[in-house]
Amino acid sequence: MSDYRETQYFHPLVYGLIACVAVLCASLAATQLIIGPDAGRAGVLLAICCGLVLLTASMGRMVVQVDQSRLMVRFGWLGLIRRTFALTRIRSARVCLFRPLREYLGWGWRYGLDGSVCYTTRGRRGLELMVDGRRHIIGSVDPKSLKNAILKEPEEETADQPVAPEPRRLHL
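Residues numbered from 1 in each chain as written. Predicted model: local features only at pLDDT ≥ 70, side-chain atom pairs only at ≥ 80, totals over all residues. Heavy atoms only, no water.

**Observations regarding the environment of Thr56**
Okay, so step 1: Checked against the element boundaries, Thr56 lands in helix H2 (residues 39-59).
Okay, so step 2: Judged by its relative accessible area of 19%, Thr56 falls in the buried class.
Okay, so step 3: Between the alpha carbons of Thr56 and Ile18 there is a distance of 7.9 Å; along the sequence they are 38 residues apart.
Okay, so step 4: Those residues in contact with Thr56 that sit more than four places away from it in its chain are Tyr15, Ile18 and Trp77. (Helix = DSSP H or I, 4+ residues; strand = E, 2+ residues; numbered from the N terminus. Buried < 20%, exposed > 50% of the residue type's maximum accessible area, 1.4 Å probe, protein only. Contact = heavy atoms within 4.5 Å.)

Written as structure tokens, this is what we have:
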């Protein structure tokens with residue numbers, strides 16, 4: 001039984017782009033097999049198509065789960081790519097804003113130039129953890145609830161309090 005579970009998906013345009021490229025590669029491969037004498041190109045195109053499908057299956061979503069003793073981040077529907085943190089090894093946790101494209105050159109399981117690691121599918125909000133002297137950022141739609149689940153803190157009552165909008169930063 002888990003104390004907290006959050007599933008995040010990449011932007012729908014990412015899935016649409018992958019599907020379009022896969023269909024295009026499969027169509028070109030079929031055309032090469034039927035019309036053209038070059039079966040080598042068809043094999044390459046089919047390999048690209050299969051690679052895109054496997055990439056989507058292995059990295060297409062992110063599941064963050066907290067139970068009594070650990071925090072687990074899993075990518076994809078297959079769950080083959082995962083990272084597990086024992087809750088006793090987490091030294092600190094704080095809600096943060098980060099810039100995935102600027103700081104980590106994209107989304108997914110990414111390493112920063114400062115040695116930090118980021119796990120994200122979309123958005124800029126997350127939870128910054130210090131584990132064994134290394135900074136980890138886990139992207140989250142609701143980083144406060146994730147923090148409360150990790151630190152075993154009760155959730156704050158927010159029904160009577162207005163929610164302030166996220167501050168906007170201008171970077172030039």
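On we go from here.
**Notes on the sheet that holds strand E3 (residues 70-75)**
Okay, so step 1: In spatial order, the strands read E1-E2-E3-E4; together these four strands make up an open sheet with antiparallel pairing. The open sheet terminates on both sides in strands that have one partner only, identified here as strand E1 (4-9) and strand E4 (81-86). This sheet shows a mean twist of 10° between the axes of neighbouring strands, independent of strand direction.
Okay, so step 2: The pairing of E3 with E4 spans six bridges and is classified as antiparallel. In the sheet register, Phe75 faces E4, and the bridge partner there is Ile81.
Okay, so step 3: Of the strands in this sheet, E1, strand E2 (61-66) and E3 are in contact with helix H4 (residues 143-151), which crosses E2 at around 40°. (Pairing = 2+ DSSP bridges. Axes fitted to C-alpha atoms, helices over the stretch in contact; angles between N-to-C directions.)

**Digging into the side chain of Thr120**
Okay, so step 1: Within the fold, Thr120 resides in strand E7 (residues 117-120).
Okay, so step 2: Apart from the residues within four sequence positions on either side, Thr120 is in contact with Phe10, Met62, Phe75, Phe98, Pro100, Gly106, Trp107, Gly108 and Gly139.

**So, the nonpolar core**
Okay, so step 1: Counting residues in hydrophobic clusters, the biggest one holds 21 residues, and the most contacted among them are Leu71, Leu129, Ile138, Leu146 and Ile150.
Okay, so step 2: When contributions to this core are tallied by element, the ones reaching two or more residues are E2, E3, strand E5 (90-97), E7, strand E8 (125-131) and H4.
Okay, so step 3: In terms of nonpolar packing, the next biggest core, distinct from the first, is built from seven residues, Ala22, Cys25, Ala42 and Leu52 among them. (Core = buried A, V, L, I, M, F, W, Y, C linked by side-chain atoms within 4.5 Å.)

**Brief notes about the pattern of salt bridges**
Okay, so step 1: This model, assessed by the stated rule, comprises seven salt bridges.
Okay, so step 2: The partner of Arg89 in a salt bridge is Asp132, with the nearest N and O atoms 2.6 Å apart. Here the residue Arg89 occupies a position in the loop between E4 and E5, and Asp132 occupies one in the loop between E8 and strand E9 (134-139), the gap between them amounting to 43 residues.
Okay, so step 3: In this structure, the salt-bridge partner of Arg99 is Glu103, at a minimum N-O distance of 3.4 Å. (Salt bridge = Lys/Arg side-chain N within 4 Å of Asp/Glu carboxyl O.)

**A word on the sheet that holds E7**
Okay, so step 1: An order of E5-E8-E9-E7-E6 is seen for the five strands of this open sheet, with the pairing classed as mixed. The strands lining the two open edges of the sheet, one partner per strand, are E5 and strand E6 (108-111). Across the sheet, the mean angle from the axis of one strand to that of its neighbour is 20°, orientation sign disregarded.

**Considerations on a nonpolar patch on the surface**
Okay, so step 1: Nonpolar side chains collect at one region of the surface, where Leu33, Ile34, Ile35 and Leu46 lie side by side and expose about 460 Å² of accessible area between them.
Okay, so step 2: Inspection of the secondary structure puts Leu46 in helix H2.
Okay, so step 3: The partly exposed category is assigned to Leu46, whose relative accessible area is 37%. (Patch = residues over 30% accessible without salt bridge, like charges linked within 9 Å, V, L, I, M, F, W, Y side chains within 5 Å. Areas by Shrake-Rupley, 256 points an atom, 1.4 Å probe, with all protein chains shown as cover.)

Honestly, it's all geometry; don't read function into it.
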